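What the coordinates show
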Amino acid sequence: MQATEPTTHGFQAEVKQLLHLMVHSLYSNREIFLRELVSNASDANDKLRFESLANPQLLEGNAELGITVEIDPEKKLLSVTDNGIGMSREEIVEHLGTIAHSGTARFLAQLGDDQRRNAQLIGQFGVGFYSAFIVAREVEVVSRRAGLSPEQGVRWASDGQGEFTVEACTRADRGTSVRLTLKDDAAEYLDRFRIEGLIRKYSDHIAFPVRVRAGSRAEAGEPVNRAKALWQRPKSEIEDGDYLEFYRHIAHDPEEPLAWSHNRVEGKREFVSLLYLPSKAPFDLWNREAPRGLKLYVQRVFIKDSASEFLPLYLRFVRGVVDSADLSLNVSRELLQQDPNVAAIKSALIKRVLDMLERLAKDEPAKYAAFWKEFGSVFKEGLAEDPANRERIAELLRFSSTRSEGESEDRSLAAYVEGFAPGQEEIYYLHADSPTAARSSPHLEVFKDRNVEVLLLTDRLDEWLMQHLDEFRGKRFRDVARGELDLAKLGGEPRVETALDKDERDLLKRVKRVLRSRVDEVRFSRRLSESAACLAIGEQDIGHSLRELLKAAGHEAPEALPSLELNARHALVKRLNSLLAELDPLA
Ligand code: ADP
Ligand code: MG
């Protein structure tokens, strides 16, 4: 039997932290609590509709799903009621006492005390249910899960100070009421017009009717919102503000998206998609287990959040909705993976995203630069993951280069190729740990002399990715730190292959003898004009960053020795020969 006495529970430490942050940093924008509660009510109705597909009794004879906001100015009460899935006792303790998303909890644990940063970041994990405490002295939640008997209701209550109580109760209707006793300074939310305005502002896109009831006896009026799924409405009727509000609802992101793309496909396959490009990377972008993907609807019925089957990993930052008319309503994970409709939708969505990025790159370069800064290193993975779209992906890549200063000037491959020096036939690049390290590399000297641009690759994954990119518009790529560079066609003095004289041959021999097995070969360089010496790796050898990646993944990378190159014209090198000659007469 369940306890009838109220039991007291402590909030998880992270929830306390969240409550504290929220009450202090979101005060100026506190009206959003209503949007969050209506959004949860809508999710609950969605879940019921989905579960009732397999189990129609859950509807208990009432399939009309809606949301009611009730205000009672005398008692200073505001409540939001749904007739959705409801919560059992276990669920209410779990969902309204902890932060469900473990990545969020970990993220919160890492947060420092920097209030300003927190205020910006806080929206990233969705302020959610707990935002009720920004305006409420006391929050009471009464719920009954669909399918349980009326006596199996549950009442949750808290003042948001660290603890909550839970007790059993009777509730005739399935679903949930969240009841707020408003703080004295939050009386504005007892005004019917204010509340209706907020619902129109924030919740117009909610697919269930939201009604308002004011005073204890009055009937709820007509729905305040449009109550039609946004993506199903004709594009011409939808304003930017509607798209932005819908984005907030699905993405929990306080920042505006950079772009969106809304498409209806009809014919052999029918689906609607609404895809958004966020402007900021989520904190868990690099966490492989983090939920990602689209909200999936089938024939307008919500199926699940984070359907990752519809986007490849390299587009994992895209948010949005896909609503298919062809999938079966009782799709399971396994079925989704096998369904040929899914593969077809996925490849169509990839094209939509690439279209959207191309449009942004062409028409709004500043926004594209912002996209690249946040997501470029993820997007690049597409070179390896999506060979079918490699050319389009390559066009969208951006690099820092010897001709760019700062991220806003990052170069596209197209710009690089169009800026070829006379005689240039290949695309030159250099790997380094940072743009600063790259810019001071001796490997760039000969390119500077001849005014040839070199791309500077400084991402950890770049070396691995470049293996997947052989050419761009017919031009091959060349790593300037590899092999013996031949710049014969690049102007400057024509390089005449002269045989080495005896002194030169001796110098190479002597240096090699000192370094022995630490280098592969010692030779005179074609790369250097100022520096005395540099190392070059072999044409086919694995470079530094790929070696580190392999090691981190537990693989043994084959040994590879670099070659030492000397600048024959450098004073130091000229002197080196006579120094070594004294030490080692080479019998
Ligand atoms: P989110 O909506 O992002 O999951 P919230 O803080 O808004 O986070 O809500 C936390 C959880 O509490 C929800 O995931 C849901 O499981 C539960 N919940 C909140 N409101 C309701 C409701 N009206 N009906 C059923 N469950 C709810
Ligand atoms: Mg929520």
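Residues numbered from 1 in each chain as written. Chains lettered and ligands numbered in written order. Predicted model: local features only at pLDDT ≥ 70, side-chain atom pairs only at ≥ 80, totals over all residues. Heavy atoms only, no water.

Another aspect to go through is the nonpolar core. Side chains of nonpolar character tend, in soluble globular proteins, to be buried together. Within the largest apolar cluster, 76 residues are counted, with the highest numbers of intra-cluster contacts made by F310, F317, F371 and F379. With nine residues, the single largest contributor to this core is helix α10 (residues 340-363). Here F310 is in contact with L294, L296, V322, L327, L336, V342, I345, K346 and L349, once residues within four sequence places are set aside. Membership of the second largest hydrophobic core comes to 55 residues, among which are I67, V69, A132 and F133. (Core = buried A, V, L, I, M, F, W, Y, C linked by side-chain atoms within 4.5 Å. Buried < 20%, exposed > 50% of the residue type's maximum accessible area, 1.4 Å probe, protein only. Helix = DSSP H or I, 4+ residues; strand = E, 2+ residues; numbered from the N terminus. Contact = heavy atoms within 4.5 Å.)

Turning next to the site of ligand 1. As a structural note, the neighbourhood of ligand 1 is formed by N40, A44, D82, M87, H95, L96, G128, F129, T176 and H252. A distance of 2.8 Å separates an oxygen atom of ligand 1 from a polar side-chain atom of N40. Within the contact set of ligand 1, an oxygen atom lies 3.1 Å away from a side-chain nitrogen or oxygen of H95. Protein chains shield 80% of the accessible area of ligand 1, which is 530 Å² for the free molecule. Per-class residue counts for the shell around ligand 1 are four nonpolar, five polar and one charged. (Near = heavy atom within 4 Å. Polar contact = N/O pair within 3.5 Å; in protein donor to acceptor, adjacent residues only side chain to side chain. Areas by Shrake-Rupley, 256 points an atom, 1.4 Å probe, with all protein chains shown as cover. Nonpolar A, V, L, I, M, F, W, Y, C, P; charged D, E, K, R; others polar.)

Turning next to the sheet that holds strand β17 (residues 471-472). If you trace the five strands from one edge of the open sheet to the other, you get β14-β16-β15-β18-β17, paired in mixed fashion. Every interior strand has two partners, whereas the edge strands, β14 (400-401) and β17, have only one. As judged from the two bridges shared by β14 and strand β16 (residues 455-457), these two strands associate in the antiparallel manner. Residue pairing across strands places S400 opposite L456, the latter belonging to β16. (Pairing = 2+ DSSP bridges.)

With phi around 60°, K76 is a residue other than glycine that occupies positive phi space. Structurally, the position occupied by K76 is in the loop between β2 (67-72) and β3 (77-82). Located in the positive-phi region is R473, a residue other than glycine, with phi close to 45°. Note that R473 resides in the loop between β17 and β18 (475-479). For R473, a relative accessible area of 47% corresponds to the partly exposed category.

Looking now at the side chain of S131. Topologically, S131 is positioned in the loop between α5 (115-121) and α6 (132-135). On the accessibility criterion, S131 (0% relative accessible area) is buried. A polar contact is formed between the side chain of S131 and the backbone oxygen of G128, at a distance of 2.7 Å. Once residues lying within four places of it in the same chain are set aside, the contact partners of S131 are M22, F33 and E36.

This paragraph deals with the packing of aromatic side chains. Counted by the stated rule, this structure contains 24 aromatic pairs. Considering the side-chain rings of F11 and W156, the 6.2 Å spacing of their centres and the 50° angle between planes classify their relative orientation as tilted. Placement of the pair is F11 in the loop between β1 (7-10) and α1 (13-25) and W156 in strand β5 (residues 153-158), with a sequence separation of 145 residues. The exposure class assigned to F11 is buried, which follows from its relative accessible area of 5%. What makes W156 buried here is its relative accessible area of 0%. Centroid distance W231 to Y297: 4.4 Å. Interplanar angle 50°. Geometry classified as tilted. Here W231 is found in the loop between β8 (210-214) and α8 (240-251), whereas its partner Y297 is found in strand β11 (residues 294-298), with 66 residues between them in sequence. Take W231: its relative accessible area is 3%, and that puts it in the buried class. Here the aromatic cluster, defined as three or more aromatic residues joined through ring pairs, consists of Y314, F317, Y368, F371, W372, F375 and F379. (Phe/Tyr/Trp six-rings, centres within 6.5 Å; stacked < 30°, edge-to-face > 60°.)

Within this structure, the stated rule accounts for 39 salt bridges. As a salt-bridge pair, E188 and R194 come within 2.9 Å of each other at their nearest N and O atoms. Measuring nitrogen to oxygen at the nearest pair gives 2.8 Å for the salt bridge that ties R527 to E565. Remark: E565 occurs in strand β21 (residues 563-566) and R527 occurs in the loop between β19 (522-524) and β20 (533-536); sequence separation between them is 38 residues. Relative accessible area serves as the criterion here: at 2%, E565 is assigned to the buried category. It is possible to trace a salt-bridge network through shared partners that takes in R30, E31, D185, E188, R194 and K201. (Salt bridge = Lys/Arg side-chain N within 4 Å of Asp/Glu carboxyl O.)

As a further point, take the environment of A366. With respect to the helices and strands, the residue A366 is situated in helix α11 (residues 365-379). Look at A366 and you get exposed, because its relative accessible area is 64%. On a C-alpha basis, the gap between A366 and F379 in space is 17 Å, while along the polypeptide they are 13 residues apart.

Let us now look at the sheet that holds β19. Read from one edge of the open sheet, three strands run β19-β21-β20, paired in mixed fashion. Because the sheet does not close on itself, it has two edges, and the strands there are β19 and β20. Across this sheet, the average inter-strand angle for adjacent strands is 30°, counted without regard to direction. With four bridges connecting them, β20 and β21 associate as antiparallel partners. Residue pairing in the sheet places L535 in a bridge with L564 of β21. Its contacts with the sheet place helix α18 (residues 502-515) against β19 and β21, and it is angled at close to 145° to β19. (Axes fitted to C-alpha atoms, helices over the stretch in contact; angles between N-to-C directions.)

A word on the side chain of H205. When you line up the elements, H205 lands in the loop between α7 (192-203) and β8. Discounting chain neighbours no more than four positions away, the residues touching H205 are K228, A229, L230, E245, F246 and H249.

With that settled, the discussion passes to the pairing of β11. For β11, a buried count of five out of five residues is recorded, marking the element as mostly surrounded by other parts of the structure. Alignment of β11 against strand β12 (residues 301-307), held across four bridges, turns out to be antiparallel. Bridged to L296 within β12 is K304. With antiparallel pairing between neighbouring strands as the criterion, β11 and β12 make up a hairpin whose turn holds two residues, including Q299 at a positive phi of roughly 50°.

Moving residue by residue along a regular strand, the side chains alternate between the two faces of the sheet. Across the seven residues that make up strand β10 (residues 271-277), a large majority, seven, are buried. Both faces of β10 are covered, namely the face carrying F271, S273, L275 and L277 and the face carrying V272, L274 and Y276. Summarising the sheet, strand β9 (residues 259-265) and β10 pair through seven bridges and their orientation is antiparallel. In the strand pairing of β10, R264 is matched with V272. Hairpin remark: β9 followed by β10, antiparallel, with five residues in the connecting loop; positive phi at G267, about 120°. Summarising the sheet, β10 and strand β13 (residues 319-324) pair through six bridges and their orientation is antiparallel. Note on β13: the bridge partner recorded for L275 is G320.

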